[in-house]
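These are the residues of each chain, in order.
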Amino acid sequence: MSERATRRTIILVPYLWLALFFLVPFAIVAKMSLSQVATAIPPYVPVFGLADGPAGWFAKARELSLDNYGVIVGDRLYVDAFLASLRIAAIGTAILLVIGYPIAHAMARAPERWRPILVMAVILPFWTSFLIRVYAWIGILKPEGLLNELLLGLGLIGTPLQIANTETAVLIGVVYSYLPFMVLPLYATLERMDRTLLEAAQDLGCPPWKAFWRITLPLSLPGIVAGCFLCFIPITGEVVIPDLLGGSDTLMIGKTLWTEFFSNRDWPVASAVAVLLLVILVGPIMVYQRQQARQMEAGR
Amino acid sequence: MTSQRSRALDATALTLGFAFLYLPIVILVIFSFNASQLVTVWGGFSTRWYAAIWQNRQLMDAAWMTLKVAAASAAFATVVGTLAALALTRYARFRGRTLFSGLVYAPIVMPEVITGLSLLLLFVSLGIDRGFWTVTVAHATFTCGFVAVVVQSRLVTFDRSLEEAAADLGATPAQVFWRITLPIIAPAVVAGFLLAFTLSLDDLVLASFTTGPGSTTLPMRIYSQVRLGVTPEINAISTLMIAAVTVLVIAASLATKRSAAAH
């Protein structure tokens, strides 16, 4: 293979794969969101087929409608679900940062031979099933669960706490599931940090808390950004955690989309929800992607 | 004095952090050996739930399907992801590079409901029957970005003079790739494959959207059982999965350590 052919293969194979299976499908979702639901298999009135020809396209273009978007924007249930998702993702990410930062910081300062083991220990739960880890919390949080038994046994509470099936339970599940995604990027930047800066500050009489505030924190900003976006974006679209831990009271948009699709079989409305979710998240996704690209360039 | 205090803080952060990460898993494992049907009441030691799994044909079929999908999708993801990493590190300029890097990284954070729904609609509009292959393609698309990141972090520290030397001595680009580049990045490629494999084993959302009749995966089975209520059988199968993954991870880390020592 010549140099040129090699180059073309290396670029084109992943490019075409991702274009076909990641980019093109979004166009289909956008198209679906403009069509009407129908009792058929598949359950929608098709818009635009390649076989229709220009005349057919023109006729069908008039049937396109923004009705599905009207339904979503006009219905409090959907609006609330969007707002709740963003709220839970924001609060969850904030808690993750507060919990994750001390862990990553301690890992980065641990003796060097310990560090690979600590990294492994953070990753290991992530290698076990996500579904199972969320499931484990049901047994802990439910009214007759282990947490309540423990607290009742210690006499700290008189009646069982109602945590399962609340937003608190969803937040616990979110923080638990995403902790490695917050800790690892933070650890990566903190571990690379030039330690002599802190020594210099100390020699000059700077108290440790001030050195942390003025040196460590600003230098770890790339890790903070990466970790926060790596958590915030997927949490916004989370399905399993709100479904298993949130009960029927907690509405999140990912779960709403899931229900529209699987239970109500309303593909067009589910598509419209997906388009709106994507519109909300496209900014954060681009920030994350740029951060990731920059970090890779910097590692060179 | 202050350094002692900060060391105590570090120890506290690590202890609490790891307790939080591991306690639920430990509890889950302990209760898989519970004789009682009630998940939170201890009724004595028993392995009855493990015996019950082997007799559950549906669960076994689903486990087998999940392993096949994971192996196939991880293979595709490794090829696509490694090529993507090569393209991004080796070629600083080509047409559509910005879009390309977006396409590589975006699936990592993209909510799975969006990816799942859009892939399903693609398969429906192409008239493809859903089953093993559609789930495999979906998983490969979702995981190849992870492979790309892992391989890329190895490629950026890569000493290119080795490749140049080989080329100067008359090796063709293909020979350079197979004899020099691939062996050097192999640990990252293997790590990428394993990551893709476990992500696929774990996935519920993409599989639910893109699967067809007869191709139910294990997470889908577990999910439908969990929604009906907590049963010790799930604890048992979870424990088996945790044990399998732990053994796999330890084996992989020993293998990389040995290959690192050999060099």
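Not measured: the values here are computed from a predicted model.

A. Focus on the overall build of chain B. Across its full length, chain B carries 11 helices and zero strands. Moving toward the C terminus, one meets the helices and strands of chain B in the order α-α-α-α-α-α-α-α-α-α-α. Summarising its shape, the C-alpha atoms of chain B cover approximately 70 × 70 × 35 Å along the three principal directions. Counting only residues that meet the buried cut, chain B has 53% of its 263 residues in that class. Taking the contacts inside chain B whose residues are at least 6 apart along the sequence as the reference set, 69% of them involve residues at least 24 apart. Carbon and sulfur atoms make up 66% of the accessible area of chain B, which totals about 12100 Å². Measuring between centres, the 17 positive side-chain charges of chain B sit 2 Å from its 11 negative side-chain charges.

B. Spatial organisation of the overall build of chain A. From N to C terminus, chain A includes 14 helices and zero strands. In sequence order, chain A lays out its α and β elements as α-α-α-α-α-α-α-α-α-α-α-α-α-α. Counting across all 300 residues of chain A, residues that qualify as buried make up 50%. Contacts in chain A between residues far apart in sequence, at least 24 positions, make up 69% of those at least 6 positions apart. Only carbon and sulfur atoms are counted for the fraction: they give 68% of the accessible area of chain A, which is about 14400 Å².

C. Region of the structure containing the pattern of salt bridges. According to the stated counting rule, one finds seven salt bridges over all chains in the structure shown. Residue Arg87 of chain A is joined to Glu167 of chain A by a salt bridge in which the shortest nitrogen-to-oxygen separation is 2.8 Å. Taken together, the residues span a long stretch of sequence, with Arg87 of chain A in helix 4 (residues 76-109) and Glu167 of chain A in helix 8 (residues 167-192) at a distance of 80 residues. Between Arg115 of chain A and Glu191 of chain A there is a salt bridge whose closest N-O contact spans 3.1 Å. Here the residue Arg115 of chain A occupies a position in helix 5 (residues 115-127), and Glu191 of chain A occupies one in helix 8, the gap between them amounting to 76 residues. The partly exposed category is assigned to Glu191 of chain A, whose relative accessible area is 30%. Among the ionic contacts, a cluster of salt bridges with common partners joins Arg90, Arg160 and Glu163 of chain B.

D. Quick look at the packing of helix 6 (residues 130-141) of chain A against helix 7 (residues 146-153) of chain A. All names here are of chain A. At a closest axis distance of 4 Å, the pairing of helix 6 and helix 7 adopts a crossing angle of 30 degrees. Contacts between helix 6 and helix 7 involve Gly139, Ile140 and Leu141 from the first element and Leu146, Leu147 and Asn148 from the second. A class-by-class count of the residues in the contact of helix 6 with helix 7 yields four nonpolar, two polar and no charged.

E. Just a nonpolar patch on the surface, in detail. Residues and elements named next belong to chain B. A contiguous nonpolar patch, built from Val26, Ile30, Trp42 and Phe45 and spanning about 430 Å² of accessible area, is present on the exposed surface. For Phe45, the position within the fold is in the loop between helix 1 (2-31) and helix 2 (48-55). The class for Phe45 is exposed, based on a relative accessible area of 62%.

F. Structural detail: the nonpolar core. Among the nonpolar cores identified, the biggest contains 162 residues, and Met107 of chain A together with Val113 and Phe209 of chain B are the most heavily contacted of them. A per-element tally of this core places helix 3 (residues 57-90) of chain B first, with 15 residues. Among residues more than four places away in sequence, those in contact with Met107 of chain A are Arg115, Leu118, Val119, Val122, Val183 and Tyr187 of chain A together with Leu14 of chain B.

G. Spatial organisation of the packing of helix 3 of chain B against helix 10 (residues 218-228) of chain B. All names here are of chain B. Interhelical geometry of helix 3 versus helix 10 gives an angle of 140 degrees and a closest axis separation of 7 Å. For the element pair helix 3 / helix 10, the angle class is oblique. Contacts between helix 3 and helix 10 involve Gln58, Leu59, Ala62, Ala63 and Thr66 from the first element and Leu218, Pro219, Arg221 and Gln225 from the second. Looking at the contact of helix 3 with helix 10 residue by residue, the classes come out as five nonpolar, three polar and one charged.

H. Just unusual backbone geometry, in detail. Positive phi outside glycine occurs at Arg265 of chain A, with the angle close to 50 degrees. Here Arg265 of chain A lies in the loop between helix 13 (253-262) and helix 14 (267-298).

I. Quick look at the packing of aromatic side chains. Taken as a whole, this structure holds 25 aromatic pairs over all chains when the rule is applied. Where Tyr176 of chain A meets Phe20 of chain B, the ring centres are 5.4 Å apart and the plane angle is 85 degrees; that geometry is what we call edge-to-face. Of this pair, Tyr176 of chain A sits in helix 8 while Phe20 of chain B sits in helix 1, placing the two residues on different chains. Assessed through its relative accessible area of 1%, Tyr176 of chain A is described here as buried. A residue is classified by how much of its surface remains accessible, and Phe20 of chain B, at 25% relative accessible area, is partly exposed. Relative to Trp133 of chain B, the ring of Phe132 of chain B lies with its centre 5.0 Å away and its plane at 80 degrees, an arrangement referred to as edge-to-face. Note on Phe132 of chain B: relative accessible area 22%, which makes it partly exposed.

J. Broad picture of the side chain of Thr93 of chain A. Residues and elements named next belong to chain A. You can see Thr93 is positioned in helix 4. Of note is the side chain of Thr93, whose polar atom sits 2.5 Å from the backbone oxygen of Ala89. Excluding residues within four positions of it along the chain, Thr93 makes contact with Met182, Cys228, Cys231, Phe232 and Ile235.

K. Structural view of the side chain of Asp203 of chain B. Examined against the element boundaries, Asp203 of chain B turns out to sit in the loop between helix 8 (173-202) and helix 9 (205-210). Here Asp203 of chain B is buried and forms no salt bridge, its nearest opposite-charge partner Arg133 of chain A lying at an N-O distance of 12 Å. Among the polar contacts listed, one links the side chain of Asp203 of chain B to the side chain of His139 of chain B, at a separation of 2.7 Å. Excluding residues that lie within four positions of it along the chain, Asp203 of chain B makes contacts with Glu112, His139, Thr217 and Pro219 of chain B.

About the cut-offs
- The numbers attached to residues start from 1 for each chain and follow its sequence in the written order.
- The order in which chains are written sets their letters, starting at A; the order in which ligands are written sets their numbers, starting at 1.
- Where totals are concerned, whole chains, interfaces and linings use all residues; where local detail is concerned, this predicted model gives features only for residues with pLDDT of at least 70, and gives and counts side-chain atom pairs only at 80 or more.
- Calculated side-chain values reflect all of the structure's heavy atoms, with hydrogen atoms and water omitted.
- Each helix corresponds to a stretch of at least 4 residues labelled H or I by DSSP, and each strand to a stretch of at least 2 residues labelled E; elements are numbered beginning at the N terminus.
- When a residue's accessible area, from a 1.4 Å probe over protein chains only, is under 20% of the maximum for its type it is buried; when over 50% it is exposed; and in between it is partly exposed.
- Only heavy atoms enter the contact rule, under which two residues are in contact if any of them lie within 4.5 Å.
- To measure how exposed things are, a 1.4 Å probe is used in the Shrake-Rupley method; for residues, cover is taken only from the protein chains shown.
- We treat Lys and Arg as the positive residues and Asp and Glu as the negative residues; His and chain ends play no part in the count.
- All charge positions are set by atom: Lys at NZ, Arg at CZ, Asp at CG, Glu at CD.
- Here, a salt bridge means any Lys or Arg side-chain nitrogen found within 4 Å of an Asp or Glu carboxyl oxygen.
- Here the axes come from fitting lines to C-alpha atoms, over the contacting stretch only for helices, and the angles between their N-to-C directions go from 0 to 180 degrees.
- Classes in brief: Ala, Val, Leu, Ile, Met, Phe, Trp, Tyr, Cys and Pro nonpolar; Asp, Glu, Lys and Arg charged; the others, Gly included, polar.
- Two joining distances apply to patches: 9 Å for like charges and 5 Å for nonpolar side chains (Val, Leu, Ile, Met, Phe, Trp, Tyr), and every residue must have over 30% relative accessible area and no salt bridge.
- The set of buried Ala, Val, Leu, Ile, Met, Phe, Trp, Tyr and Cys residues whose side-chain atoms join them within 4.5 Å is what this entry labels a nonpolar core.
- With respect to orientation, any angle under 35 degrees is reported as roughly parallel, any angle over 145 as roughly antiparallel, any angle of 65 to 115 as roughly perpendicular, and every other angle as oblique.
- Each Phe, Tyr or Trp ring, with Trp reduced to its six-membered ring, pairs with another whose centre is within 6.5 Å; inter-plane angles below 30 degrees give stacked pairs, above 60 give edge-to-face pairs, and intermediate values give tilted ones.
- Under the rule applied, a polar contact is a pair of N or O atoms within 3.5 Å (in protein, one hydrogen donor and one hydrogen acceptor; residues adjacent in sequence only if both atoms are side-chain atoms).

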